[in-house]
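Observations on chain architecture
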Amino acid sequence: MWRKGPMLVEGPVEVELEDGSVVSSDRFRVALCTCRRSRRYPWCDTSHRDRA
């Protein structure tokens, strides 16, 4: 069962987006958006809470 909300990943991380661009974060833990509602995609900004 897939839970609703972000996926927490231990950092630092690099994420390759669909267009081939790469975004990175040097934080020790990041929240990756799984619902694609985030205005800061691929990072979660809790936008999923607005429409849950």
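Residues numbered from 1 in each chain as written. Predicted model: local features only at pLDDT ≥ 70, side-chain atom pairs only at ≥ 80, totals over all residues. Heavy atoms only, no water.

1. A word on the overall build of the protein
For clarity, the cut-off: Only DSSP runs of H or I reaching four residues or more are called helices, and only runs of E reaching two or more are called strands; each is numbered from the N terminus. Buried means the residue's accessible area, taken with a 1.4 Å probe over protein chains only, is under 20% of the maximum for its type, while exposed means over 50%, and partly exposed covers the values in between. Residues are treated as being in contact if the distance between any of their heavy atoms lies within 4.5 Å. Methods summary: accessible areas were calculated by the Shrake-Rupley approach with a probe of 1.4 Å, and residue burial reflects only the protein chains presented.
Looking only at helices and strands, the protein features zero helices and four strands. Looking at the protein as a whole, 27% of its 52 residues qualify as buried. A fraction of 23% describes how many contacts in the protein between residues 6 or more apart in sequence connect residues 24 or more apart. If you sum the accessible surface of the protein, you get close to 4,500 Å²; carbon and sulfur atoms cover 47% of it.

2. Description of the pattern of salt bridges
Note on pairing: side chains with opposite charge can pair once their charged atoms come close. The following threshold applies: By salt bridge we mean one thing: a side-chain nitrogen of Lys or Arg within 4 Å of a carboxyl oxygen of Asp or Glu.
Tallied over the full model, the rule gives one salt bridge. Here E18 ties to R36 by a salt bridge, and the two come within 3.6 Å at their closest N and O atoms. Separated by 18 residues along the polypeptide, E18 in the loop between β2 (13–16) and β3 (22–25) and R36 in the segment after β4 (29–32) bring together distant segments of the chain. In terms of burial, E18 and R36 fall into one category: exposed.

3. Quick word on the pairing of β3
This is how the line gets drawn: In short, DSSP must find at least two bridges between two strands for them to pair.
Strand direction decides the pairing type here: β2 and β3, joined by four bridges, are antiparallel. Residue pairing for β3: V15 is matched across the bridge by V23. Counting the residues that bridge the hairpin from β2 to β3 gives five residues, and of these G20 lies at a positive phi of roughly 95°.

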